[in-house]
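Letter by letter, the chains look like this.
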Number of protein chains: 2
Amino acid sequence: MTGADGTASWAEALVREHESHAVRPGREEQVLERIDRARRRRATVREEYVTMAHGAGGKATQSLIEAIFLESFRNPLLEPLEDGAVFGAGTERLALTTDSYVVSPLFFPGGNIGDLAVNGTVNDLAVCGARPLYLSAGFILEEGFPVGDLRRVVASMAVAAEVAGVQIVTGDTKVVQRGKADGCYVNTAGVGLIERPGALGVAGARPGDAVIVSGPIGEHGVTIMLARGELDIEADLISDTAPLNGLVAALLDACPEAVRCMRDATRGGVATILNEIARASGVAVVVEEDAVPVRQAVRGACELLGIDPLYVACEGRLVAVVDGAVVDTALAALRAHPLGEGAALVGRIGEDPPGLVLLKTGFGGTRIVDLLVGDPLPRIC
Amino acid sequence: MTGADGTASWAEALVREHESHAVRPGREEQVLERIDRARRRRATVREEYVTMAHGAGGKATQSLIEAIFLESFRNPLLEPLEDGAVFGAGTERLALTTDSYVVSPLFFPGGNIGDLAVNGTVNDLAVCGARPLYLSAGFILEEGFPVGDLRRVVASMAVAAEVAGVQIVTGDTKVVQRGKADGCYVNTAGVGLIERPGALGVAGARPGDAVIVSGPIGEHGVTIMLARGELDIEADLISDTAPLNGLVAALLDACPEAVRCMRDATRGGVATILNEIARASGVAVVVEEDAVPVRQAVRGACELLGIDPLYVACEGRLVAVVDGAVVDTALAALRAHPLGEGAALVGRIGEDPPGLVLLKTGFGGTRIVDLLVGDPLPRIC
């Protein structure tokens, strides 16, 4: 499904996937039953070797996580498979999260691997409802990596940490021989303190809830693709990488009891988050295609790439499910924050069909938005 | 100083280093003054490109950390440069630590990258005086890595976590193209709870204190070198990788107020830890060479490699500085634990010369044991 460079034939696969799931009169029930059957199967990894798709955030990643990591590490804290784990430590409730960053190129319009790594971990903590406090930083450097580039990455991390109000308090550096890495990989882990009561989680969505995104989607992913020079187009786009802890706090302050779950839409994009919510909550997520904010430059690049912007990574956009009764309050709170000016109501939670994401298209049709197959955008974070 | 494969000419460099620092009558003051002058210099990274030595745990690593990471991230929690950071979160005191693992080969006698990664982070928390609780796991996989090998690594992590009494509660997987990694790299970060009063740290050693190691040194590093087949010898050695939290608890229970600092001696070996203690505390560390436990097989391999076992990594050995008055109690507590049977008093803390580690050799001589130059044992963890 995925070629050696991680991009070949992905568009084709995606189109096939969508066509096979297209909800046409008469075939609908049959299709739903087939999807349901496939999803009930115990997760397995059939491949003998790791492919790029295992890192793409879609179906293969999910199988890998469920069949290998969850199977071996199984414990109640890991099982929700949220962006971070929430646990008690002494008398406090804390969250812990981690992400490794392998983005290529290391420097791109709007950021670099350093601020991306800090913002990503800050965001994973924030969407767990934690106040991000302390980060660790682990570097894997390739022999021959320019020390000047490392200085730039590290300086960006320091600035990003200051902006987000967190401290990088511990770290580690490893060096591997030439040809055993790609310049610089960064891991950040983070600890946050949960100070608000109540539980947030993808299993908390209920029929009648509203689905909100905090701004235009897909900018990070498209920026990275353009920065690689693989597309012969120029667009005035920069990555949306940003720390979301302030925006999240604004939302939780405005409607403290009415937020069901929040996620930052990274690998796999908004579509992947919505699928996780639909499955975990056993609800239908019904999205209005025309309501999803997408900048013209992103839409144009996505058309050339043959990919739906719903699958393209953001690094500073929030997806939130809130009680339908407070949607105006929630939108107003988000729009009052500089990072949420473009917030929009994009859909509603329904009852049927449970576990699926449906997209109502501008042409009056409906199609199922499934998890991603293959890896259309390798190494975007 | 270091060849492309990270090993060339290191032995030569080490010998030169030792010879130049050898304390001979008449030259002693001159040498000490020169060393002192060099150490007062503000840390700089003169190299334009990252070398294997920057990851070896010795002088180059120290410069990189001080001149780049500490310079940018500077904050009071990072500054002690301990194995983990200790901070308050709400009403609790916690520790956070991280390590990336790039060991080659991935599987070796006595363990693999998976249990090494779990034990390493458990140990970093334990030596901060924290009870290790929760770990994160981040994987960077190379396209084409056998899924079966990943299963083995993950299964070992699960077993190691169970043995250490910790849970792996969150994780992340990235995949990079062939030739951009070396099969599998693992990052673990960990959170522990500090339940005992008092501060531990490399700056806490005082003249009269005793220096203890918990067992024979250098077994992990030599096992890795032999597993690579780079030496044409066979030896009945396995890695000492083990979780030290039980052993640390036994020591702290036995002499709660008398432990100044603890470290696990990984990259750079016992010599590096002792140098950190000598510098941070402004004391002399005087080690009796004949008192340092080294198995015959390790000694033999080290002779062939031309390296001092004091610089070879352990992954399950504790270096502890305790009040000289309780040394017998401390040794008895360590020896009563399966992982501390070979514990030995190896030296004393003195006043002069401050900041240096002196080795009293079996032949009645004294030499300075400085930080490592170059990278004699690349990618041992």
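Residues numbered from 1 in each chain as written. Chains lettered and ligands numbered in written order. Predicted model: local features only at pLDDT ≥ 70, side-chain atom pairs only at ≥ 80, totals over all residues. Heavy atoms only, no water.

Residues in a regular strand project their side chains so that they alternate between the two faces of the sheet. Residue and element names in this part refer to chain B. Along strand E6 (residues 167-176), 8 of the 10 residues are buried, which leaves the element largely enclosed by surrounding structure. Sheet topology places strand E5 (residues 131-142) next to E6; 9 bridges connect them, and they run parallel. Counted as the bridge partner of Gly 138 is Asp 172 from E6. What joins E5 to E6 is helix H5 (residues 147-164), and the crossover it makes is right-handed. (Buried < 20%, exposed > 50% of the residue type's maximum accessible area, 1.4 Å probe, protein only. Helix = DSSP H or I, 4+ residues; strand = E, 2+ residues; numbered from the N terminus. Pairing = 2+ DSSP bridges. Right-handed = clockwise from strand over helix to strand, strands pointing away.)

Another aspect to go through is the pattern of salt bridges. Residues and elements named next belong to chain A. In total, this model carries 38 salt bridges over all chains according to the counting rule given. A salt bridge links Glu 219 to Arg 295; the shortest N-O distance between them is 2.8 Å. With Glu 219 in helix H6 (residues 219-227) and Arg 295 in the loop between strand E10 (284-288) and helix H9 (296-305), the pair connects residues that are 76 residues apart, well separated along the chain. One salt-bridge network, in which partners are shared between bridges, spans Glu 82, Asp 83, Arg 263 and Glu 276. (Salt bridge = Lys/Arg side-chain N within 4 Å of Asp/Glu carboxyl O.)

Rotating chain B by 180° about the axis while translating it 0.0 Å along that axis superimposes it on chain A, leaving an RMSD of 0.0 Å. Here the two chains are linked by the operation of a two-fold rotation axis. Minimal C-alpha separation from the rotation axis in chain B is found for Ala 181 of chain B, amounting to 2.2 Å. Comparing contact sets, 100% of the residues at the interface of chain B also lie at the interface in chain A, consistent with an isologous, same-surface contact. (Least-squares fit on C-alpha atoms with pLDDT ≥ 70 in both. Contact = heavy atoms within 4.5 Å.)

With that settled, the discussion passes to the interface of chain B and chain A. Each side of the interface is counted separately: chain B has 83 residues, and chain A has 83 residues. For the pair chain B and chain A, the summed buried area comes to about 6,900 Å², and 66% of that belongs to carbon and sulfur atoms. On inspection of chain B and its partner chain A, the count reaches 6 salt bridges. Residue Asp 172 of chain B pairs with Arg 267 of chain A through a salt bridge whose shortest N-O separation is 3.0 Å. (Buried area = accessible area lost by both parts, 1.4 Å probe.)

With that settled, the discussion passes to the packing of helix H5 (residues 147-164) of chain A against helix H3 (residues 59-73) of chain B. Here H5 of chain A crosses H3 of chain B at 30°, and the two axes come no closer than 8 Å. With respect to each other, H5 of chain A and H3 of chain B are oriented roughly parallel. Crossing geometry of H5 of chain A relative to H3 of chain B is assigned as right-handed. Each of Val 147, Leu 150, Arg 151, Val 154, Ala 155, Met 157 and Ala 158 of chain A in H5 of chain A lies in contact with H3 of chain B, whose residues at this interface are Leu 64, Ala 67, Ile 68, Phe 69, Ser 72 and Phe 73 of chain B. Grouping the constituent residues of the contact of H5 of chain A with H3 of chain B by class yields 11 nonpolar, 1 polar and 1 charged. (Axes fitted to C-alpha atoms, helices over the stretch in contact; angles between N-to-C directions. Parallel < 35°, antiparallel > 145°, perpendicular 65-115°, else oblique. Left-handed = near helix turned anticlockwise from the far one by under 90°. Nonpolar A, V, L, I, M, F, W, Y, C, P; charged D, E, K, R; others polar.)

Before going further, it helps to examine the confidence of the model for chain A. Chain-level pLDDT for chain A is 90 on average; 90% of the residues reach the 70-or-more range. Confidence over residues 1-25 of chain A falls short of pLDDT 50; this stretch has 55 contacts with residues more than four positions distant or in other chains. (pLDDT = per-residue confidence, 0-100.)

On to the sheet that holds strand E9 (residues 259-264) of chain B. Residues and elements named next belong to chain B. Strand order in the open sheet formed by 7 strands is E9-E11-E8-E12-E10-E13-E14, with mixed pairing between adjacent strands. Each end of this open sheet is capped by a strand with a single partner; those strands are E9 and strand E14 (366-368). Neighbour to neighbour, the strand axes of the sheet diverge by 25° on average, direction disregarded. Strand direction decides the pairing type here: strand E8 (residues 210-213) and strand E11 (residues 318-322), joined by 4 bridges, are antiparallel. Within E11, the residue paired with Val 211 across the bridge is Val 321. Relative to the sheet, helix H4 (residues 113-127) contacts E9 and E11, its axis offset from that of E9 by approximately 170°. Against the sheet, helix H7 (residues 245-254) makes contact with E9 and E11, and its axis sits at roughly 170° relative to E9, the strand it touches most.

Residues and elements named next belong to chain B. Where burial is concerned, most of strand E7 (residues 184-193) is hidden: 10 out of the 10 residues are buried. Of the two faces of E7, the one carrying Cys 184, Val 186, Thr 188, Gly 190 and Gly 192 and the one carrying Tyr 185, Asn 187, Ala 189, Val 191 and Leu 193 are both buried. Across 8 bridges, the pairing between strand E2 (residues 92-101) and E7 is antiparallel. Residue pairing for E7: Ser 100 is matched across the bridge by Asn 187. With 10 bridges connecting them, E5 and E7 associate as antiparallel partners. Paired with Phe 139 across the bridge in E7 is Val 186.

Scanning the model with the defined rule gives 6 aromatic pairs over all chains in all. When the ring of Phe 69 of chain A is compared with that of Phe 139 of chain B, the centres are 4.7 Å apart and the planes differ by 35°; the resulting orientation is tilted. In this pair, Phe 69 of chain A sits in helix H3 (residues 59-73) while Phe 139 of chain B sits in strand E5, so the two residues belong to two different chains. Chaining the aromatic ring pairs together yields one cluster made of Phe 69 and Phe 73 of chain A together with Phe 139 of chain B. Just above the ring of Phe 107 of chain B sits the side chain of Arg 152 of chain B; from NZ or CZ to the centre is 3.8 Å. Positioned over the ring face of Tyr 101 of chain A is Lys 174 of chain B, at 5.5 Å from the centre of the ring. (Phe/Tyr/Trp six-rings, centres within 6.5 Å; stacked < 30°, edge-to-face > 60°. Lys NZ or Arg CZ within 6 Å of the ring centre and 35° of its normal.)

A word on the UniProt feature "domain: PurM-like C-terminal" (unreviewed entry) in chain A. Feature annotation in UniProt assigns "domain: PurM-like C-terminal" (unreviewed entry) to the following positions: residues 206-353 of chain A. Taken end to end, residues 206-353 of chain A comprises 34% helix and 18% strand; its first and last C-alpha atoms sit 13 Å apart. (UniProt positions renumbered as here; feature names shortened; annotations may be inferred.)

Bringing the UniProt feature "domain: PurM-like N-terminal" (unreviewed entry) in chain A into the picture now. Annotation from UniProt places "domain: PurM-like N-terminal" (unreviewed entry) at residues 82-194 of chain A. With 29% helix and 45% strand, residues 82-194 of chain A has its two end C-alpha atoms placed 15 Å apart.

In this section: the side chain of Asp 172 of chain B. With respect to the element layout, Asp 172 of chain B can be found in strand E6. Once residues within four sequence positions are removed from consideration, Asp 172 of chain B is found in contact with Thr 98, Asp 99, Ser 100 and Arg 267 of chain A together with Ala 137, Gly 138 and Phe 139 of chain B.

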